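Secondary and tertiary structure notes
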Amino acid sequence: MPIYEYKCKQCGKVYEVIQKINEEAIKNCIYCAGEVERIISLSSFVLKGSGWYLTDYSEKRKKAEKEDSEKPKESSHKNGEEKK
């Protein structure tokens, strides 16, 4: 079951409540009975193992960018002529 966070508009306390997804949201604070609002919290979601962007594709792009930056820059003039 998901954990939802609520913040009381009256006392300012923030607390968590375990609820089913289809359960109705809480309307009153459990501390002061004031009006509450559901807030969006940060998750601690971490992708581990191979096959994720951070572990595989990111490194390939960094290597390609490094190789590109090490190549000598080509002249912007046509036919290698210098502009006088």
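Now for a description of the structure that goes with this document. (Residues numbered from 1 in each chain as written. Predicted model: local features only at pLDDT ≥ 70, side-chain atom pairs only at ≥ 80, totals over all residues. Heavy atoms only, no water.)

Points about the packing of aromatic side chains
- The tally for this structure, following the rule as stated, stands at two aromatic pairs.
- Between Tyr15 and Tyr31 the ring centres are 5.6 Å apart and the planes differ by 85°, which places this aromatic pair in the edge-to-face class. Of this pair, Tyr15 sits in strand S2 (residues 14–18) while Tyr31 sits in the loop between S2 and strand S3 (36–39), and the two are 16 residues apart along the sequence.
- A connected cluster of aromatic rings, assembled from ring pairs, spans Tyr6, Tyr15 and Tyr31.
- Stacked on the ring of Tyr31, the Lys or Arg Lys13 has its end atom at 4.5 Å from the ring centre.
- Over the ring of Tyr4 we find Arg38, and its NZ or CZ is 3.9 Å from the ring centre. (Phe/Tyr/Trp six-rings, centres within 6.5 Å; stacked < 30°, edge-to-face > 60°. Helix = DSSP H or I, 4+ residues; strand = E, 2+ residues; numbered from the N terminus. Lys NZ or Arg CZ within 6 Å of the ring centre and 35° of its normal.)

Quick look at a nonpolar patch on the surface
- There is a patch of nonpolar side chains on the surface, built from Met1, Ile3 and Ile18 and spanning about 360 Å² of accessible area.
- Looking at the secondary structure, you find Ile3 in strand S1 (residues 3–8). (Patch = residues over 30% accessible without salt bridge, like charges linked within 9 Å, V, L, I, M, F, W, Y side chains within 5 Å. Areas by Shrake-Rupley, 256 points an atom, 1.4 Å probe, with all protein chains shown as cover. Salt bridge = Lys/Arg side-chain N within 4 Å of Asp/Glu carboxyl O.)

Looking at the pattern of salt bridges
- Under the definition given, this model contains two salt bridges.
- Here Lys27 and Glu24 are joined by a salt bridge, their closest N and O atoms 2.6 Å apart.
- The class for Lys27 is exposed, based on a relative accessible area of 52%. (Buried < 20%, exposed > 50% of the residue type's maximum accessible area, 1.4 Å probe, protein only.)

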